[in-house]
Amino acid sequence: MVNLTATLSSLITANHILHYHSILDSMGHISVRNPKNNSTYFIALQLGPAVVSGLEDIGEYLIEDSSPVNGTQGGYAERYIHSEILKKYPDINAVVHSHSEDILPYTVLGSVPLKPVYHMGGFLGDGIPNFDIESVYNDGDARDFLVNTIPLGAALADKLGVNASQPTSPLHTIALQRGHGFVAVGTSIEQVVDYAYYAASNARVQTKALLLSGATGGSVQYLNKQEMFDSKNMNSWIVFKPWKQWVREVERSGQYENRLGTPPMT
Ligand SMILES: [Zn+2]
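Note that this is a predicted model, so its numbers are computed, not measured. (Residues numbered from 1 in each chain as written. Predicted model: local features only at pLDDT ≥ 70, side-chain atom pairs only at ≥ 80, totals over all residues.)

Caption draft 1: View of helix H7 (residues 240–253). Here H7 is 14 residues long and its end C-alpha atoms lie 20 Å apart, about the 20 Å a rise of 1.5 Å per residue gives. Residues of H7 that are buried: Trp 243, Trp 246, Val 247 and Val 250. The buried residues of H7 occupy an angular sector of 105° when projected down its axis, which confines them to one face. Facing away from the buried side of H7, by more than 90 degrees, are the exposed residues Lys 241, Gln 245, Arg 248 and Arg 252. Those residues of H7 hidden inside the fold are in contact with helix H1 (4–20) and helix H5 (189–216). Gly 254 occupies a position one or two residues after H7 and carries a positive phi of about 75°. (Helix = DSSP H or I, 4+ residues; strand = E, 2+ residues; numbered from the N terminus. Expected span 1.5 Å × (residues − 1). Buried ≥ 20, exposed ≤ 12 C-beta atoms within 10 Å, placed from the backbone. Arc of directions from axis to C-beta. Contact = placed C-beta atoms within 7 Å.)

Here you go:
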């Protein structure tokens, strides 16, 4: 039987984990598809991730158009990122949108793509897409980078591509957003937190490797396709391990409150 309280407890703690590890600052968000009704999703209201702590801090919205349901009022202007990705990819159940400073340089360096540089970044895959919102703006639109309409959210969702062998899944696990940040997608809260964390980690390692290679005249060896594929499989079965540690870290840090209790850790 689906336990909605457990899902929402995981969502609250995921906000804390992503904040604790600087994937989210006071901006950015994580959503989860309603496990009891796949036409709606849950995401925090207009709050910084560190202060999300109870049911009253979470909104429920229709995936069709991000309109609020069941008494929800207001919410994040950019929630269309989440609804359009959940709409396009039925296999995706959780989405993170982040302004990570580790990732941001790779959104504006056309000549230096973000690529898997160690095994925990293998899931990033080949040819990570970079969404340039300018390509979908109309004359007169405010150039504030916010993905705050259905068409903008749909254009970003399209960037993730379609997996030809399983069209209900995206081709990519993340998409960069030029001058803004990135989105990560997963089949569960645990997986998308893992992807967001290790995307930023891979970016930090890649940046150091590139700087060292520039200083020494060497070159960076990235994962090949087989290594990416096998490392992604490894990541999917080991995801329970970092999740358990991250839950404990935020609980014991004393910085956060989750009034729904400790989320499941198996
Ligand atoms: Zn944003």
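Caption draft 2: Looking closely at unusual backbone geometry. The backbone of Asn 70 sits at a positive phi, close to 55°, despite the residue not being glycine. Summarising the element assignment, Asn 70 is placed in the loop between strand S4 (68–69) and helix H2 (80–88). Residue class for Asn 70 comes out exposed when judged on the 10 C-beta atoms lying within 10 Å of it. Of note, Phe 145 is a non-glycine position whose phi angle comes to about 75°, a positive value. Mapping Phe 145 onto the fold places it in the loop between strand S6 (130–131) and helix H4 (150–159).

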